[in-house]
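Structure at a glance
What follows is the residue order along each chain.
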Amino acid sequence: MKSALMVFVSILGLAGCATSDEFREGDVVIESPWARSSAGRTATGVVYLRLSNLAAEPEQLLGVTTPIAAGASVHRTMREHGMMSMQPLQALALAANETVSLEPGGLHIMLMQLGSPLVEGETFPMTLNFERAGSIDIHVTVRGVGAMSAHE
Ligand SMILES: [Cu+2]
């Protein structure tokens, strides 16, 4: 009985791992890219993910493209005088062996002029261009509108 339970738990564990997508090129690893579904007629979308530079030298994310939007760029979120605002970054720097999380309330990738709404459960392709690792193609999973992480 006890061993049957253990097997069941480990299957659940594997199922959980399957949802955390990982993409690697050279020394750059991109984990769990996800987007919030875009409700109604909103023409913008937001993508979150985790970026790791495994190299002993600095790396930079220079740009982002996706066929589903006219534009995509890295934004940071700032709080000034109690107001939240966003600012595009020219490049996102990664120090040697650094991991940076793009997550709700902080850094994110903004999609402008979406061709069609982002629908929960669907995925879409995106390409990240790095200074040293070059282009990395990933697939972004669309989560629910209230999702706060890749696992909701
Ligand atoms: Cu933004």
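Heads up: these notes are all about the structure in this document. Throughout this document, residue positions are counted from 1 along each chain, in the order its sequence is written. Under the rules for a predicted model, residues below a pLDDT of 70 receive no local features and side-chain atom pairs below 80 are neither given nor counted, while totals for whole chains, interfaces and linings still include all residues. In computing side-chain values, all of the structure's heavy atoms are included and hydrogens and water are not.

1. Considering the layout of surface pockets
What counts, and what does not: Buriedness of a pocket was judged along seven lines, with at least five required to meet protein on both sides within 12 Å; pockets are open sets of points on a 1 Å grid over the protein atoms alone, cavities are sets where a 1.4 Å probe fits but cannot get out, and lining residues have an atom within 4 Å of a point. Grid points are joined across faces, edges and corners, and a volume is the space filled by probe spheres set on the points. To qualify as a helix, a DSSP run of H or I must reach at least 4 residues; to qualify as a strand, a run of E must reach at least 2; elements of each kind are numbered from the N terminus. Polarity classes work like this: nonpolar for Ala, Val, Leu, Ile, Met, Phe, Trp, Tyr, Cys and Pro, charged for Asp, Glu, Lys and Arg, and polar for all others, with Gly in that last group.
Of the pockets and cavities examined, the largest pocket occupies roughly 220 Å³. Residue assignment for the lining of the largest pocket shows that the elements contributing at least two residues are strand 2 (28-36), strand 3 (45-53) and strand 8 (99-102). Residue composition of the lining of the largest pocket, grouped by class: 7 nonpolar, 5 polar and 5 charged.

2. A few points about the pairing of strand 5 (residues 69-80)
Definition in use: Strands are treated as partners if at least two bridges between them are detected by DSSP.
Relative to strand 9 (residues 108-114), strand 5 is paired through 6 bridges, and the arrangement is antiparallel. Across the sheet, the residue bridging to glycine 71 is methionine 112, located in strand 9. In this structure, strand 5 lies alongside strand 6 (residues 83-88), joined through 6 bridges in antiparallel fashion. Within strand 6, the position partnered with histidine 75 by the bridge is proline 88. Where strand 5 hands over to strand 6, the hairpin turn is made up of 2 residues, of which histidine 81 adopts a positive phi near 50°.

3. Some details on the packing of aromatic side chains
For any two aromatic rings, the description comes down to two numbers: the centre-to-centre distance and the angle of the planes. Under the convention used in this document: The aromatic pairing rule takes the rings of Phe, Tyr and Trp, using the six-membered ring of Trp, and pairs them if the centres are within 6.5 Å, calling planes under 30 degrees apart stacked, those over 60 edge-to-face and the rest tilted. Exposure is judged per residue with a 1.4 Å probe applied to protein chains only, and the accessible area is read against the type maximum: over 50% gives exposed, under 20% gives buried, and values in between give partly exposed.
One pass over the structure, following the stated rule, counts 1 aromatic pair. Here tryptophan 34 and tyrosine 48 contribute two aromatic rings whose centre-to-centre distance is 4.9 Å and whose plane-to-plane angle is 40°, an arrangement assigned as tilted. Taken together, the positions of tryptophan 34 in strand 2 and tyrosine 48 in strand 3 put the pair 14 residues apart, joining distant regions of the chain. Comparing tryptophan 34 with tyrosine 48 shows no difference in burial state: the two are buried.

4. Thoughts on the environment of arginine 36
This is how the line gets drawn: We call two residues in contact whenever any of their non-hydrogen atoms come within 4.5 Å of each other. N or O atoms closer than or at 3.5 Å make up a polar contact, with two conditions inside protein: a donor-capable atom paired with an acceptor-capable one, and, for residues adjacent in sequence, both atoms drawn from side chains.
Mapping arginine 36 onto the fold places it in strand 2. Filtering out sequence-adjacent residues up to four positions away, arginine 36 remains in contact with Val46, Tyr48, Pro104, Leu118, Val142, Arg143, Gly144, Val145, Gly146, Ala147 and Met148. A polar atom in the side chain of arginine 36 sits 3.4 Å from the backbone oxygen of valine 145.

By themselves these figures say nothing about function.
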